[in-house]
Amino acid sequence: MSQSPSLPLDAAVVVAAAHAEGVSLVVLGPEAPLVAGVSDALRRSGLAVFGPNAAAARLEGSKAFAKEFMERHGIPTAAYGRFTEIKAAHAFLARQPLPIVIKADGLAAGKGVVIAESQEEAEEALTRFLAWGPVVIEEFLRGEEGSFIAIIADGQVLPLAGSQDHKRLADGDQGPNTGGMGAYSPTPILDIAMSERVRREVMLPMARALQAEGLPYRGFLYAGLMITESGPKVLEFNCRLGDPETQPLLMRLDSDLFLTLLAAARGDALPPELQWKKELALCVVLAAPGYPDAPQLGQTIRGLERSLDGATAKVFHAGTRVQDGALVTAGGRVLGVTVLAPSISAAQAQAYALAQQIHWPGMQLRHDIGWRARARS
Ligand code: AMP
Ligand code: GLY
């Protein structure tokens, strides 16, 4: 995520605004305010807050912190080494099989990960990332990815439905990594049995470990998973909902989100489960030209005039603003075209029919969101 100046990172400003508005619950969305300690300040001022304190948000803010935490508590994840110094990193790298994964330690909005197919590529990434700070070198995991998000509150775990993101820019999972070009829920990779396994092997032990380490946690915990032959393994944690996983998840949610988050924020008992629509929801991201490296902004968005039946189709705004009376692009990922439909093929047909009506010069989108579910149906 970009460190946009409009992000609410100044804790004093957020606390003052929340009190001035008399809000009963503050939900922190993005990771930067969480890592900056905005939750801590809001809680200290007596407000009900959904979103972990800065100490626990290091699970997202530092890959090394997350890896060490998982190692201490036996949470399944890829084998790794952490380095701050080039000589030791090179020596470790020379002993690893290829491909190998090189990760920058801090927040990098999905751009701090290189899957190196050769030693040269690995060394280039290593040198580049070490100039910024610590680096994690990680075993390459084979399998299919899934996103599993749960509400964690004082050791309680309330899972959301499973979903699947599409991280690469281009069709067929080609091109550079992005924040996510589309998502859908539910996903066959996180069926009932696998979801139960993730709850038992990842989420419950994480909730207990956070308590045990004196890191009280009331917020979403997002596990980016690789479902390998030997079971689920954690690729990353986020301390928030995923983007674009949230768009399909919220289209499917039947329970009252506000009351659930308020209960979690107050430390009350959570319901045993959330209610979900049976249908499938699918989101196609419309991105700016040049995304993810250098998105070109300020282009007029056309084709959004048609009104939609909000229960089955919604266009979520991510990077837009109004300029001289026109809606223009204002971020790398601009819109999330999201539909609710009885099947994966119907969802794809409806989402792409809607996406086709929207345009600006150089608009980017993937044409195969949901392809893994489609291949299995
Ligand atoms: P991360 O930001 O750690 O989730 O990494 C971004 C993407 O890189 C993931 O969604 C995966 O597609 C890929 N990736 C990260 N770590 C690994 C790994 N250990 N093995 C295979 N792929 C990985
Ligand atoms: N879609 C992945 C994320 O929100 O980090």
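Residues numbered from 1 in each chain as written. Chains lettered and ligands numbered in written order. Predicted model: local features only at pLDDT ≥ 70, side-chain atom pairs only at ≥ 80, totals over all residues. Heavy atoms only, no water.

Q: I'd like a description of the site of ligand 2, backed by residues and values.
A: The environment of ligand 2 is formed by Asp165, Lys167, Gly179, Tyr222, Asn238, Arg240, Gly242, Asp243, Pro244 and Glu245. One of the backbone N or O atoms of Gly179 is found 3.2 Å from a nitrogen atom in ligand 2. A distance of 2.9 Å separates a nitrogen atom of ligand 2 from a polar side-chain atom of Glu245. Considering ligand 2 on its own, with 200 Å² of exposed area, one finds that the protein chains cover 91% of that surface. Of the residues belonging to the shell around ligand 2, the class tally is 2 nonpolar, 3 polar and 5 charged. (Near = heavy atom within 4 Å. Polar contact = N/O pair within 3.5 Å; in protein donor to acceptor, adjacent residues only side chain to side chain. Areas by Shrake-Rupley, 256 points an atom, 1.4 Å probe, with all protein chains shown as cover. Nonpolar A, V, L, I, M, F, W, Y, C, P; charged D, E, K, R; others polar.)

Q: Tell me about the pairing of strand 15 (residues 280-287), residues and numbers included.
A: Taking burial as the measure, the 8 residues of strand 15 include 8 buried ones, the bulk of the element. By the alternation rule, side chains of strand 15 split into Leu280, Leu282, Val284 and Leu286 and Ala281, Cys283, Val285 and Ala287, which are all buried. Across 4 bridges, the pairing between strand 12 (residues 182-185) and strand 15 is antiparallel. What sits directly across from Gly182, in strand 15, is Val284. As paired strands, strand 15 and strand 19 (residues 333-341) are joined by 8 bridges and run antiparallel to one another. Across the sheet, Val285 pairs through a bridge with Gly336, a residue of strand 19. (Buried < 20%, exposed > 50% of the residue type's maximum accessible area, 1.4 Å probe, protein only. Helix = DSSP H or I, 4+ residues; strand = E, 2+ residues; numbered from the N terminus. Pairing = 2+ DSSP bridges.)

Q: So, the site of ligand 1: which residues are in play, and what are the values?
A: Lining the immediate environment of ligand 1, one finds 15 residues, of which Lys103, Glu138, Glu139, Leu141 and Glu145 sit closest. Take Lys103: an N or O atom from its side chain is 2.8 Å from an oxygen atom of ligand 1. In this structure, Glu236 approaches ligand 1 through a side-chain N or O atom, which is 3.4 Å from an oxygen atom. Taking 470 Å² as the accessible area of ligand 1 by itself, protein coverage stands at 94%. Among the secondary structure elements, those contributing two or more residues to the shell around ligand 1 are strand 4 (100-104), strand 5 (113-116), strand 6 (135-139) and strand 14 (231-238). Residues of the shell around ligand 1, tallied by class, amount to 7 nonpolar, 1 polar and 7 charged.

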